[in-house]
Amino acid sequence: VEFDSDTTVIPYCVTTDDWRPDEKPVRNLGLEPGGYVLIAGRHNPENNIDAIAREYAASDLPMPLVVLGTANYDSPVTAAIAELARTDERVRLIGHVGDRNAFFDLVHHAAVYVHGHSVGGTNPSLVEAMGVGARIAAFDTPFSRETLGPDATCFELDGHSFAETIGRVISDEPSVDAKVRAEAAARAREVFSVDAVVTAYRDLLAATAASRRTTVLRTRWASGS
């Protein structure tokens, strides 16, 4: 809209087909499956990881908050989380997890996976969390709601919304929790499948090659489609 130019919308896809749930990576960190809240991502200000950790520390939420990720510079976000971890034993700063399947296990087995990204549109880590059947609470942005669908669980960082949202999710009955997780995984398979995304790229490249000029295709992911 801003540049008065049509675009072709093709999102990230779910690439978790070779993963199967395993509790071992969780227990190796001294955690219990279903017994912790997780947030992950680069320790950049726009991902709100330090802000979420501060709100968690100010709450009476009982579970550990496990913080994954790092930054490739001397990040004040990491320093702020480390300071919280020194004074609040619930905050656990783990750092980078290099094993992809172990990362998926940590996301899947969390009572809540918290997605704090505030910029960037459809985020691959959010799509992956859906794909592994995580119970997701996301920072309230239009693109997170669009990715998660009409039943998205979202929060604001305003001093009460976050803790209330996480507390409500944690208190859900197991049957409700299982249903929400299954629906997220099903949406990931249906909307963000590898086949659908690869086919869209192939169709766009074929159309561009045939026309010998810039081509725009209307895809299923375009806003309003």
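Not measured: the values here are computed from a predicted model. (Residues numbered from 1 in each chain as written. Predicted model: local features only at pLDDT ≥ 70, side-chain atom pairs only at ≥ 80, totals over all residues. Heavy atoms only, no water.)

K.L.:
Give me the overall build of the protein chain: which residues, what numbers.
P.N.:
Summing up its helical and strand segments, the protein chain has 9 helices and 6 strands in all. Expected size for 225 residues packed as a compact globule is a radius of gyration near 17 Å; at 19 Å, the protein chain falls within 12% of this value. For the protein chain, the proportion of its 225 residues judged to be buried stands at 46%. Across the protein chain, every contact between residues at least 6 apart in sequence was considered, and the portion connecting residues at least 24 apart equals 74%. Taken as a whole, the protein chain presents about 11,900 Å² of accessible surface, with 52% of it coming from carbon and sulfur. Taking the 21 positively charged and 32 negatively charged side chains of the protein chain as two groups, their mean positions are separated by 6 Å. (Helix = DSSP H or I, 4+ residues; strand = E, 2+ residues; numbered from the N terminus. Rg over C-alpha atoms; globule rule 2.2 N^0.38 Å. Buried < 20%, exposed > 50% of the residue type's maximum accessible area, 1.4 Å probe, protein only. Contact = heavy atoms within 4.5 Å. Areas by Shrake-Rupley, 256 points an atom, 1.4 Å probe, with all protein chains shown as cover. Lys, Arg positive; Asp, Glu negative; His and termini not counted. Charge placed at Lys NZ, Arg CZ, Asp CG, Glu CD.)

K.L.:
Hey, could you go over the sheet that holds strand S2 (residues 65-68) for me, with residue numbers and the actual values?
P.N.:
With parallel pairing, 6 strands are arranged side by side in an open sheet as S3-S2-S1-S4-S5-S6. Edge strands, defined here as strands with exactly one partner in the open sheet, are strand S3 (91-95) and strand S6 (154-155). With 2 bridges joining them, strand S5 (residues 136-139) and S6 adopt parallel strand pairing. When the bridges of S6 are listed, alanine 138 appears paired with cysteine 154. Running at roughly 135° to S3, helix H3 (residues 76-87) makes contact with S2 and S3 of the sheet. (Pairing = 2+ DSSP bridges. Axes fitted to C-alpha atoms, helices over the stretch in contact; angles between N-to-C directions.)

K.L.:
Residue-level account of unusual backbone geometry, with values.
P.N.:
Both trends apply: most residues other than glycine have a negative phi, and most peptide bonds are in trans. Despite not being glycine, asparagine 48 has its phi angle at roughly 65°, a positive value. Structurally, asparagine 48 can be placed in the loop between strand S1 (37-39) and helix H2 (49-58). For asparagine 48, a relative accessible area of 14% corresponds to the buried category.

K.L.:
Any details on the packing of helix H5 (residues 124-131) against helix H8 (residues 174-191)? Residues and values, ideally.
P.N.:
With their axes 7 Å apart at the nearest point, H5 and H8 run at an angle of 120° to one another. Between H5 and H8, the angle is such that the two are oblique. Contact residues: H5 offers Val127, Met130 and Gly131, while H8 offers Ala184, Ala185, Arg187 and Ala188. The residue makeup of the contact of H5 with H8, split by class, is 5 nonpolar, 1 polar and 1 charged. (Parallel < 35°, antiparallel > 145°, perpendicular 65-115°, else oblique. Nonpolar A, V, L, I, M, F, W, Y, C, P; charged D, E, K, R; others polar.)

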